[in-house]
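# Understanding the architecture of this molecule
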Amino acid sequence: METLHIHGHALSLRPISQFQPNTDQIRHNLIKKGVNPTPKIVHTLRKKQIQKHNRKLNRQAQESPPLSKTQKQTLEEEQHFQELKHEYKQFTKALEGNSEENKGLSLVGKPWEGVQKVEFLERTREFRGEKLKRENLTELKEIFRARKMDELKWVLEDDLEINERWFDEGSDGKKTSKRSEVQVVRFLVDRLCDREIGAKDWKFSRLMKLSGLPFTEGQLLKILGMLDARACWKQALSVVQWVYDCKERKKFQSRFVYTKLLAVLGKARRPKEALQIFNLMRGNFHVYPDMVAYHSIAVTLGQAGLLKELLDIVECMRQKPETFKYMYHKNWDPILEPDVVIYNAVLNACVPSKQWKGVSWVFQQLRESGLKPNGATYGLAMEVMLQSGNYDLVHELFRKLTSSGEVPEALTYKVLVRTFWKEGKVDEAVKIVRDMERRGVMGTASVYYELACCLCKYGRWQDAIPEVEKIRRIPRARPVEVTFTGMIKSSMDGGHIDDCVSIFEYMKDRCAPNIGTVNTMLKVYSQNDMFSKAKVLFEEVKVANSDLRPDAYTYNLMLEASAHAHQWEYFEHVYKEMILSNYHLDQYKHLALLLKASRAGKLHLLEHAFDMILEAGEIPHRPFFFELVIQAMTRDNYDRAVVLLRTMAYAPYRVTEKQWTGLFKENEDRINHENLELLLNSLGNCTVTSEATVSNLSKALHVLCGLGSSTNTSSTGHFGSENVNGLKETAESAAEPGNDIFLGSDQAEPDAFTFNHDEVDRVNNNDVVVSRLQNSDTEDNVSLHVDRLNSFDHLTRDKSSNDELSDDESDEDDDDVGEGVIDKPSAYQILEAWKENERGG
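This write-up is about the structure you can find in this document. The structure displayed is predicted, hence computed values, not measured ones.

What counts and what doesn't
Residues numbered from 1 in each chain as written. Predicted model: local features only at pLDDT ≥ 70, side-chain atom pairs only at ≥ 80, totals over all residues. Heavy atoms only, no water. Helix = DSSP H or I, 4+ residues; strand = E, 2+ residues; numbered from the N terminus. Buried < 20%, exposed > 50% of the residue type's maximum accessible area, 1.4 Å probe, protein only. Contact = heavy atoms within 4.5 Å. Areas by Shrake-Rupley, 256 points an atom, 1.4 Å probe, with all protein chains shown as cover. Core = buried A, V, L, I, M, F, W, Y, C linked by side-chain atoms within 4.5 Å. Axes fitted to C-alpha atoms, helices over the stretch in contact; angles between N-to-C directions. Parallel < 35°, antiparallel > 145°, perpendicular 65-115°, else oblique. Left-handed = near helix turned anticlockwise from the far one by under 90°. Nonpolar A, V, L, I, M, F, W, Y, C, P; charged D, E, K, R; others polar. Expected span 1.5 Å × (residues − 1). Polar contact = N/O pair within 3.5 Å; in protein donor to acceptor, adjacent residues only side chain to side chain. Phe/Tyr/Trp six-rings, centres within 6.5 Å; stacked < 30°, edge-to-face > 60°. Salt bridge = Lys/Arg side-chain N within 4 Å of Asp/Glu carboxyl O. Patch = residues over 30% accessible without salt bridge, like charges linked within 9 Å, V, L, I, M, F, W, Y side chains within 5 Å. Lys, Arg positive; Asp, Glu negative; His and termini not counted. Charge placed at Lys NZ, Arg CZ, Asp CG, Glu CD. Disulfide = S-S within 2.5 Å.

A tally of regular secondary structure across the protein gives 39 helices and 4 strands. Looking at the 841 residues of the protein, the share that counts as buried comes to 45%. When contacts within the protein are restricted to residue pairs at least 6 apart in sequence, those whose partners lie at least 24 apart make up 65%. Looking at the protein as shown, the accessible area adds up to about 45,600 Å², and 48% of this sits on carbon and sulfur atoms.

All right, on to the nonpolar core then. Ranked by internal contacts, the top residues of the largest apolar core, which has 185 residues, are Phe484, Trp660 and Phe664. Excluding residues within four positions of it along the chain, phenylalanine 664 makes contact with Ile630, Met633, Ile671, Leu676, Leu679, Leu697, Leu701 and Leu704.

We now examine the packing of helix α33 (residues 657-666) against helix α35 (residues 692-704). Where α33 meets α35, the axes come as close as 8 Å, and the angle between the chain directions of the two elements is 55 degrees. Considered as vectors, α33 and α35 are oriented oblique to each other. Along this stretch, α33 crosses α35, giving a crossing that reads as right-handed. Residues Glu657, Trp660, Thr661 and Phe664 of α33 pack against Thr693, Asn696, Leu697, Lys699, Ala700, Leu701, Val703 and Leu704 of α35. Its residues assigned to classes, the contact of α33 with α35 shows 7 nonpolar, 3 polar and 2 charged.

Compared with an ideal rise of 1.5 Å per residue, which puts 13 residues at 18 Å, α35 spans 18 Å between its outermost C-alpha atoms and is within 8% of the ideal. Most of α35 is tucked away, with 13 of its 13 residues classed as buried. Of the residues one or two after α35, glycine 706 is the one with positive phi, at around 80 degrees.

With 14 residues, helix α17 (residues 375-388) extends 20 Å between its outermost C-alpha atoms, agreeing within 8% with the 20 Å of an ideal straight helix rising 1.5 Å per residue. For α17, the set of buried residues is Gly375, Thr377, Tyr378, Gly379, Ala381, Met382, Val384, Met385 and Leu386. Considering only its buried residues, α17 is in contact with α15 (340-353), α16 (357-369), α18 (391-403) and α19 (410-423). For α17, the N-terminal capping position is held by asparagine 374, with its side-chain oxygen 3.3 Å away from the main-chain nitrogen of alanine 376.

Another point: the packing of aromatic side chains. Applying the stated criterion to the full structure yields 16 aromatic pairs. On the basis of an interplanar angle of 85 degrees and a centroid distance of 5.3 Å, the ring pair of phenylalanine 610 and phenylalanine 625 is categorised as edge-to-face. Here phenylalanine 610, found in helix α30 (residues 603-615), pairs with phenylalanine 625, found in helix α31 (residues 622-634); they are 15 residues apart in sequence, far enough to count as distant. We note that phenylalanine 610, like phenylalanine 625, is buried. Through a chain of ring-to-ring contacts, the aromatic side chains of Trp461, Phe484 and Tyr506 assemble into a single cluster.

This part takes up the side chain of threonine 520. Structurally, threonine 520 is set in helix α25 (residues 515-527). Here glycine 516 takes part through its backbone oxygen, which lies 2.8 Å from a polar atom of the side chain of threonine 520.

Looking now at the pattern of salt bridges. Scanning the entire structure with this criterion turns up 27 salt bridges. A salt bridge links arginine 270 to glutamate 273, with the nearest nitrogen and oxygen atoms 3.1 Å apart. Salt-bridge contacts for glutamate 437 lead to arginine 434; the nearest nitrogen and oxygen are separated by 3.6 Å. With glutamate 437 and arginine 434 both in helix α20 (residues 426-438) and 3 residues apart, the pair spans about one turn of that helix. Salt bridges here are not isolated pairs; linked through shared partners, they connect Arg434, Glu437, Glu467 and Lys470.

Relative to the assigned elements, glutamine 303 resides in helix α13 (residues 291-304). For the pair formed by glutamine 303 and proline 352, sequence separation is 49 residues and the distance between their alpha carbons is 9.3 Å. Excluding residues within four positions of it along the chain, glutamine 303 makes contact with Gly266, Arg269 and Asn348.

Where like charges cluster on the molecular surface, the positive patch consists of Lys52, Arg55, Lys56 and Arg59. Mapped onto the secondary structure, lysine 52 falls in helix α2 (residues 39-63). What makes lysine 52 exposed here is its relative accessible area of 59%.

This part covers the packing of helix α10 (residues 233-245) against helix α11 (residues 255-267). At their nearest, the axes of α10 and α11 sit 9 Å apart, and the two run at 160 degrees to each other. Considered as vectors, α10 and α11 are oriented roughly antiparallel to each other. As for the relative orientation of α10 and α11, their crossing is left-handed in sense. Of the residues in α11, those in contact with Trp233, Ala236, Leu237, Val240 and Tyr244 of α10 are Val257, Tyr258, Leu261, Val264 and Leu265. Within the contact of α10 with α11, the residues separate by chemical class into 10 nonpolar, no polar and no charged.

What follows deals with the side chain of threonine 377. Tracing the backbone shows threonine 377 in helix α17. Taking relative accessible area as the criterion, threonine 377 reaches 0% and is therefore assigned buried. Not counting chain neighbours up to four residues away, the residues in contact with threonine 377 comprise Val340, Asn344, Leu347, Phe363 and Leu366.

For the rest of this paragraph, the subject is unusual backbone geometry. Although it is not a glycine, arginine 269 adopts a positive phi angle of roughly 60 degrees. Note on placement: arginine 269 falls in the loop between α11 and α12 (271-282). Assessed through its relative accessible area of 52%, arginine 269 is described here as exposed.

Here valine 415 is to be found in helix α19. Take valine 415: its relative accessible area is 5%, and that puts it in the buried class. Non-local contacts of valine 415, meaning those with residues more than four positions away in its chain, are made with Gly379, Met382, Glu383, Leu386 and Val394.

Below, the discussion takes up the environment of glutamine 319. Secondary-structure assignment places glutamine 319 in the loop between α14 (307-317) and α15. Between the C-alpha atoms of glutamine 319 and leucine 336, which are 17 residues apart in sequence, the distance is 8.3 Å. Those residues in contact with glutamine 319 that lie beyond four places of it in its chain are Tyr288 and Ile335.

With that settled, the discussion passes to the state of the cysteines. Overall, the coordinates contain 0 disulfides when judged by the stated rule. In this structure cysteine 193 is a free cysteine whose sulfur lies 3.4 Å from that of cysteine 232, the closest cysteine sulfur available.

Given below as structure tokens:
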């Protein structure tokens, strides 16, 4: 260790680097004494030498006389210089040790000399005529930056050695941490909240150990409270699990800690996890739940609507637990009786399930227990009756509430207003709110919101405006835009379309509409043949200089409005904008619209959507295949129809013979008898005729073409319980209503069939091979815009998708395609072309 002489005093400097004992010497001494130098013994002796060295340095520092301000400054400057000098020597030593690997790599200059840039560059030129490597300066920068990590070393280092500077030695000889407990807990919580790591993660275990906390009951309560404030319930659960899984801490388990954890899980709406913790408490004598824990789990289950589980908890309260292995208190009796809080939780659980009979059970239990229901009890009971439609019982419960002397709460008046709304008694709803105000009850925003919506439902939107102003004056109320949106929805439900427009115009003078309000108005315009207004509003949203931007629901509403008004050019415009805005296609929402657009001449949109679905690795629904097959037949493109059918054969669903027959009868205005015969002839080139879907199609075509029963029935097998004997019988059965074309392979064929173009079947997208499609080069009869690609009415075949098929099938597939078939752009390429057109426009 180096020293600094100031005015005749030898002052000690801090060690340049941490003292590192010679482990080889330690092993040699142990062997000399006949002791086996195991790693644990060597590590312990090394640790003791470091502690001894640090204690010696502390004693030397305490024996030195106090320094003046000038001496301290000089000492710090000298120490800083020695540290830089040591780091520089270590760095240059490392470079010289790897001279062969780092040939030509050197460092010139000394960081502490403050060399100017010009002098520094001149020295680099003198050194071998080579430029200074920037990598060396980067490494030196990282070395300097590493010194700043000392404050976090106690958490980040894997092998932590005790640093004596972190502790103060008290009068009793014990060492205490310089960092307070609050600081350590706060730092630990910050690190836990940075990322979601569980108790099984090695980083979580290391962080908990290096914190140095003994994890007492008070510390755990502080940690859980801070995690609860940050809504980190997973970390809270992991902390308790990790602490009490340790054998040394199992006997120190605390009921209060588990109860606090129940509250955290309840606030996060995690009833299943809370129930698991509660059952764990019931299995442990030391943490057996008390009334507070019962309250917590009851409220959590009640809010989740888990009535059955909650009733089991009530039964557990009244029963003695199973005999524990170690029963220290022979007279211990954990039997408890449910109180009003528990019964209120039962009523709360009855609300979503509409178990109105549970109300009478709760009041009966209260009478038998000698308990008096409070205002919350009556309010929850009224809510149950409202949800179940027993409006007369709602008023009866309110009369009992007022006669019992309990003061009704604002939420109780909310239930009354909602009840009068359902009954159509608007004046009574207004009267009960005014009665609430006369009683001095502080109304909440929800009460006035319900009243405003009730007035709008029955065409009195102007009377609802004062209620909106009252909501403005209530602190921490919902934004007024939400209130106006609810009023517009209520007016639409009541059929008052003019009121919806009036409310929207009034709202724009008072506040800026949000995207929810815009979507509501688009729905109003769409459902009432007001496409022009919907179009104007949609264009205003796109050009607005605010945070208001169309979302997926906005585009979906505009697609519906365009389809309803038969504005197919604007439909295509909205569809392109939706795709360019990175909103993915939803088969369940957009399939029916795309089918209508295809029949209106926008086939290229359906094919683009079909191609996007395939490129995304999903399986198109059956109506996609049906429409594309019919369109291919109308264009005499039977090679493409065969490819579609072959692809459809590998999907996880099948189409029955009656369904094929009904499909062709439904589209007899677009296809004729000749189309059916040509399709039947083209099936001879199909390589999957043994599949159920293609086999049933062949049977249906044989019947419809007047060729009698299928000639290949014996080879393809029996796939239905009925045979179609003639076209007349098929047409009669197809005309019967209530039949569904969407039939899985595990279902029986229906007795009759009707094709519904707007119906979408949900299919399983797993374990199926979907080959890509390839089209013939056929002209589209519909004129396209100049910016539309000429090949929009074709699908692209993905060569790699055929790898799922056998080599024979792949070869045969190539034979099925005519010479006129060429590769067409994929959906991704079309999307890029749209983007170019957008940028060019």
